Amino acid sequence: LQYQAYCFPNGRLVNRTLENQNHLPHYLSSATAESAVMDLTDAYENGAYIVGAETFVDQWTHEAATFRAKSNARLDIPYGPSEREVFDLFLPHGIPKGVVVFIHGGYWKAFDKSYWSHLAAGPLARGYAVAMPSYDLCPDVRISEISPR
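Every chain's residues receive numbers from 1 upward, in the order its sequence appears when written. At least 70 in pLDDT is required for a residue's local features to be given in this predicted model, at least 80 for side-chain atom pairs to be given and counted, and no such filter applies to totals for whole chains, interfaces and linings, which use all residues. The basis for the side-chain values is all heavy atoms of the structure; hydrogens and waters are excluded.

Once that is clear, we can look at the overall build of the protein. Counting its regular elements, the protein contains 4 helices and 8 strands. Secondary structure elements are taken from DSSP: a helix is a run of H or I of four residues or more, a strand is a run of E of two residues or more, and numbering for both begins at the N terminus. From first element to last, N terminus to C terminus, the protein shows the α and β order β-β-β-β-α-α-β-β-β-α-β-α. For every residue, the accessible area (1.4 Å probe, protein chains only) is compared with the maximum for its type, and the residue is labelled buried under 20%, exposed over 50%, or partly exposed between those bounds. The 149 residues of the protein split such that 26% are buried. Restricting to contacts in the protein with at least 6 residues of sequence separation, those with at least 24 account for 51%. Accessible surface, the protein: about 10000 Å² in total, of which carbon and sulfur atoms supply 56%. The contact criterion used throughout is that any non-hydrogen atoms of two residues lie within 4.5 Å. In this description, accessible areas are obtained by the Shrake-Rupley approach with a 1.4 Å probe, and a residue is regarded as covered only by the protein chains that are shown.

Right, here's the structure in full:
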């Protein structure tokens, strides 16, 4: 049997034909004798490789809440019909030079705007307003539904 393996070394898609299932990369596993199934859990849950990662979320939450409490912010402004389609707008002192939009990460399946408020500090200090939207997450919606919003 030949096994078809798709992998993403250095961000590039590579299609490999493998003669032997034992040569599959670590993130691929055999589902049946005829096919290989990609398991990207390790690629998306990389906290196991970062020292102290288990404390990050609590730290981010605390820093963000502290920042929101002392900032000039308009919170939970709706921009769409979904409950999660709201954004926070952080305003600098004086007239903004422009707006920085910070779209949070989380592989389209985790977090919301409230984890990242403290990251508005840099642009605010330079006179920019900062908009931080939350958005619907997978699997509740498909990625193709998130990006147009």
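That shown, we press on.
Take the sheet that holds strand 7 (residues 99–101) next. What holds strands together in a sheet is hydrogen bonding between their backbones, with the strands either parallel or antiparallel. Two strands qualify as a pair provided DSSP detects at least 2 bridges between them. Sheet architecture is open: 4 strands sit in the order 5-6-8-7, paired in mixed fashion. A strand with exactly one partner marks an edge of an open sheet, and here the two such strands are strand 5 (73–78) and strand 7. With strand direction ignored, the average angle separating the axes of adjacent strands in the sheet is 20°. Sheet topology note: the strand 5/strand 6 (residues 86–90) ladder contains 4 bridges and is antiparallel. Looking across to strand 6, one finds that I77 is bridged to F87. Lines fitted to C-alpha atoms define the axes, with helix axes restricted to the stretch in contact, and inter-axis angles between N-to-C directions lie between 0 and 180 degrees.

Here we take up the nonpolar core. For this analysis, a nonpolar core means a set of buried residues of the types Ala, Val, Leu, Ile, Met, Phe, Trp, Tyr and Cys, connected via side-chain atoms within 4.5 Å. Core analysis: the biggest nonpolar cluster contains 7 residues, these being F67, F90, W116, A120, L124, V130 and M132. The contact partners of M132, leaving out residues within four places of it in the chain, are V86, F87, D88, F90, F102, K113, W116, S117, L119 and A120.

A separate point is unusual backbone geometry. For D76, which is not a glycine, the phi torsion comes out positive at approximately 60°. Mapped onto the elements, D76 comes out in strand 5.

A separate point is the pattern of salt bridges. Any carboxyl oxygen of Asp or Glu that lies within 4 Å of a side-chain nitrogen of Lys or Arg is treated as forming a salt bridge with it. Inspection of the entire model under this criterion finds 2 salt bridges. The partner of D76 in a salt bridge is K113, and the shortest N-O contact between them spans 2.7 Å. Taken together, the residues D76 in strand 5 and K113 in the loop between strand 7 and helix 3 (121–125) connect sequence positions 37 residues apart. In this structure K113 comes out as buried when scored by relative accessible area, which is 8%. Shared partners join several salt bridges into a network, and the residues in it are D76, D88 and K113.

Here we come to the environment of Y115. Mapped onto the fold, Y115 is located in the loop between strand 7 and helix 3. Measuring from C-alpha to C-alpha, the distance between Y115 and D58 comes to 9.0 Å, with 57 residues separating the pair along the chain. Apart from residues lying up to four places away in sequence, Y115 is in contact with V57, W60, T61 and A64.

Our next topic: the packing of aromatic side chains. Working definition: a ring pair exists when centres of Phe, Tyr or Trp rings (six-membered ring for Trp) sit within 6.5 Å. Plane angles under 30 degrees give stacked, over 60 give edge-to-face, the rest tilted. Under the counting rule described, the total for this entry stands at 8 aromatic pairs. Plain terms: the ring middles of F102 and W116 are 6.4 Å apart, the flat faces sit at 45° to each other, and that makes the pair tilted. Taken together, the residues span a long stretch of sequence, with F102 in the loop between strand 7 and helix 3 and W116 in the loop between strand 7 and helix 3 at a distance of 14 residues. On the numbers, 5.5 Å between centres and 80° between planes, the contact of F111 with W116 is edge-to-face. Given the relative accessible area of 11%, W116 is considered buried. Three or more aromatic residues joined by ring pairs make a cluster, and in this case those are F56, W60, F102, F111, Y115 and W116.

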